[in-house]
Amino acid sequence: MSDASDVVDDDESRSGTRAETGRGGTARSVTGSGAGGRSGAGLRAGGGGGDGDRERGRSRDRDQPGRWDDGLIARRAAERAAVADVPPGADDTQEPDTLPPLGGSYGGPLRTRLDALHELVGLSRTRVEGEALAEAGRVLDEAAARQRLSSRHTVIAIAGATGSGKSTLFNALAGVPVSETGLRRPTTSAPIALSWSEGAAGLLDRLAVPSRLRRRPLAGGAADTGLQGLVLIDLPDHDSAVTAHRDQVDRVLGLVDAVIWVVDPEKYADAALHERYLRPLAGHAEVTFVVLNQIDRLGTEAADLVLDDLRRLLDEDGVALGEHGEPGATVLAVSALTGEGVPELRDMVAGFVQERTAPERRLAADVDAAAARLRPAYLGDGRSGLDERARDAFTDRLAVAVGAQAAGEAAERVWRRGAIRACGTPWLRLYRWYERIREHGSTDPHLASPVEDELTARQRVEQAVRIVADEASRGLPTPWAQAVREAAARGAEGLPEALDEITVTIGDAAARPPRPAWWPAAVLAQAVMTLLQIFGALWLVGQIVGVVEPGLLPPVLVMLGGIIGGPLVEWACEGAVKGPALRYGQEAERRLREATAACGRARVLDPVAAELMRYREVREQYATVVGTRPSARIVGGIRGGAGRLGATRAGGRGR
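No experiment lies behind these values; they were computed from the predicted model shown. (Residues numbered from 1 in each chain as written. Predicted model: local features only at pLDDT ≥ 70, side-chain atom pairs only at ≥ 80, totals over all residues. Heavy atoms only, no water.)

A.B. asks: Which residues make up the pattern of salt bridges, and what are the values?
C.D. replies: By the definition in use, this model includes 27 salt bridges. One salt bridge connects R311 with D308, and the closest N-O pair in it is separated by 3.1 Å. Here R311 pairs with D308, and both are found in helix α10 (residues 300-316), just 3 residues apart, close to one helical turn. As a salt-bridge pair, R389 and D387 come within 4.0 Å of each other at their nearest N and O atoms. The exposed category is assigned to R389, whose relative accessible area is 54%. A relative accessible area of 39% means that D387 is categorised as partly exposed. One connected set of salt bridges, linked through shared partners, spans E587, R590, R591 and E594. (Salt bridge = Lys/Arg side-chain N within 4 Å of Asp/Glu carboxyl O. Helix = DSSP H or I, 4+ residues; strand = E, 2+ residues; numbered from the N terminus. Buried < 20%, exposed > 50% of the residue type's maximum accessible area, 1.4 Å probe, protein only.)

Next up, the structure:
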């Protein structure tokens, strides 16, 4: 048998007709499509006797020896003659479509899920790898393209392996031999489209079905109202030895609304079918028909056993079966050659087409598949994010890095030391001066205090950033965990220098401690005590040298009052300064801690929080994308498995 494309090309070159036998055994004339490639012209019924006379005349002219056919001119002439003979309205290119607009609209959950998927892709484009988002982008593109086209049509592809009889089943559903069948393999080399109603040109253009391979049913097609809106595609063999054929199958299967898989008793368990198509497309069960063809070659019991084994294999593939009222794939057995089970399949397809929900169900399954591929990028393990404990711990580590606590303690010591120095006795200050000279060999008072103004430890800052980044990214999916770490690393650049600058800007609180109001009074009291000691000593000396009248008790009392009062004033000042010194040190620590926390928050915590917020947004969008699947499809006007022939063993063969 010749290839279907070869037959069409032969018809075009001759611009003639084929004699075909209809259902009643009567011959009918089919006008070949012209060079203009009118869709479906090769399958429309011819007119009355005038058509036959013209065709017979052209045939006699071609049979005459020496007759020259100029090819293109002859084909154009034949095309004009054919257009004149086609009844009005028979060709969808002859008069405009008077039906409602072709474009559809997605409503309800599907519209929400598509919008969420669009937002998800936009929010994730710089975080998630492009390969992971490619499938989601393809689904969005296909959804937009399908929405612009006819919503009144349902495109169903018939796919199968070599020798499974899919072209025979295609012809059986069409009611006329549209697709070439035969023993030569491959028989079908290009997709052939059969449309039961007008307005499907855009859909066929999207499938890249050439005009010369677009057909319209002849006998009974126009009167079959149940199939109005059906566009049936006969695909090449998915296991063809020709790579181009397999590529065409893969391309078309990604665009059609539903698919009828035709298997035969010999190759129904073929690994190429299950591993390459059925298993990856398990989520598309609601728009999938699996037809066991050629049951006329089996007995009743053998057919039931094969059908049960086919269901088992589909279950292992993850394909949900539409049994017991549940949504899923339809499985049934037919014989395209004898017609057994074909009417049941035709009725089921008609009910499926009249629902007009196949495009939305196909897109919903595509969204499910895209969401499943994106799941590792949006769902992590456990709870993620930064809590108050992690933020406070980060602030504490930065405070330790800049020495906030040490700076506060130093400020407190300086305050107390200044109070003691100002309010202490001159003899005690003289003693401390001597101790500094003996220990350090210098009179610099700053050498007596430890050095607390070290620059920020870079390693401590880096460790603090690393710890907070690890805590924030814990439990996140890999892309978002990486984004959080990168945001923290970018913020950590220059953070030690910024903290050093803050330390310098705030200044050393221990360098210039403020003096309280009571310090002058304490200094005056200490001066009075010192003067009393000096006065009493001079009084005693005057008595000794005879300048002053003798009297030991008064000068001794005066000198003892000064000697005892000086330490008492110093001790009183030291006790009074403890509270203010402590508060002064705490205030110095607080200022440095707050400035450090503000710098760390602006440079590290805020960018990390922004990434976590973005992740929460995309996770919410992903939850919307996952959504809920629509209810079970209605087949043949009856919801559930009761109306599905072939869903059980008893109905498997339509007996």
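Moving on, there is more to tell.
A.B. asks: Tell me about helix α18 (residues 495-506), and please be specific about residues and values.
C.D. replies: An ideal rise of 1.5 Å per residue puts 16 Å on 12 residues; α18 measures up with 16 Å between its terminal C-alpha atoms. Taken as a whole, α18 has its buried residues at L495, P496, A498, L499, D500 and I502. (Expected span 1.5 Å × (residues − 1).)

A.B. asks: Tell me about the packing of aromatic side chains, and name the residues and values.
C.D. replies: According to the stated counting rule, one finds 6 aromatic pairs in the structure shown. Ring centres of Y378 and Y622 lie 5.5 Å apart, and the angle between their planes is 20 degrees; on these two criteria the pair is classed as stacked. Of this pair, Y378 sits in helix α12 (residues 358-378) while Y622 sits in helix α20 (residues 553-626), placing them 244 residues apart in sequence. Taking the relative accessible area as the measure of exposure, Y378 reaches 0% and is therefore buried. Exposure remark for Y622: the relative accessible area of 3% places this residue in the buried category. Measuring from centroid to centroid gives 5.6 Å for F535 and W539, while their planes differ by 55 degrees, and the two rings are tilted. With a gap of 4 residues between them, F535 and W539 both fall in helix α19 (residues 519-545), about one helical turn apart. Of the residues examined, F535 reaches a relative accessible area of 48% and is grouped as partly exposed. Every member of this aromatic cluster is reached through a ring pair, and the members are Y378, W480, Y615 and Y622. (Phe/Tyr/Trp six-rings, centres within 6.5 Å; stacked < 30°, edge-to-face > 60°.)

A.B. asks: Pulling in residues and values, what's your account of unusual backbone geometry?
C.D. replies: One non-glycine residue, A208, lies in the positive phi region at around 60 degrees. One can find A208 in the loop between α7 (201-206) and β5 (214-215). A positive phi angle, close to 65 degrees, is found at Q294, a residue other than glycine. Assignment of secondary structure puts Q294 in the loop between β8 (288-292) and α10.

A.B. asks: Mind laying out the side chain of T288, listing which residues take part and the relevant values?
C.D. replies: As for its position among the elements, T288 is in strand β8. Residue classification places T288 among the buried residues on the basis of a relative accessible area of 6%. Polar contacts involving the side chain of T288 include one to the main-chain carbonyl oxygen of H284, which spans 2.6 Å. (Polar contact = N/O pair within 3.5 Å; in protein donor to acceptor, adjacent residues only side chain to side chain.)

A.B. asks: For α10, give the residues involved together with the corresponding values.
C.D. replies: Given 3.6 residues per helical turn, the α-helix brings residues three or four places apart onto the same face. With 17 residues, α10 extends 25 Å from end C-alpha to end C-alpha; this agrees with the ideal 24 Å at 1.5 Å per step. The set of residues buried in α10 consists of A303, D304, V306, L307, L310, R311, L313 and L314. Those residues of α10 that are buried lie in contact with β7 (258-263), α9 (271-278), β8 and β9 (330-333). Phi turns positive, to about 90 degrees, at G318, one or two residues after α10. (Contact = heavy atoms within 4.5 Å.)

A.B. asks: Explain the sheet that holds β8 residue by residue, including any values.
C.D. replies: In spatial order, the strands read β5-β4-β6-β3-β7-β8-β9; together these 7 strands make up an open sheet with mixed pairing. Two strands close off the open sheet at either side, each with one partner strand: β5 and β9. Relative to strand β6 (residues 230-234), strand β4 (residues 192-195) runs antiparallel, the two sharing 4 bridges. Bridge pairing links S195 to V231 in β6. (Pairing = 2+ DSSP bridges.)

A.B. asks: Could you give an account of the environment of V625, naming the residues involved and the relevant values?
C.D. replies: Turning to its location among the elements, V625 is positioned in helix α20. C-alpha of V625 to C-alpha of L110: the two residues are 515 residues apart in sequence and 8.8 Å apart in space. Once residues lying within four places of it in the same chain are set aside, the contact partners of V625 are R113, A116, L117, L120, V367 and A371.

A.B. asks: Lay out the pairing of strand β3 (residues 154-160) in plain terms, naming residues and giving numbers.
C.D. replies: Burial analysis of β3 places 7 of its 7 residues in the buried class, the great majority of the element. The two faces of β3 match: T154, I156, I158 and G160 on one face and V155, A157 and A159 on the other face are all buried. One ladder, built from 5 bridges, connects β3 with β6; its direction is parallel. Bridge pairing in β6 links I158 to D234. Summarising the sheet, β3 and β7 pair through 5 bridges and their orientation is parallel. Along β7, the bridge assignment pairs I156 with A258.

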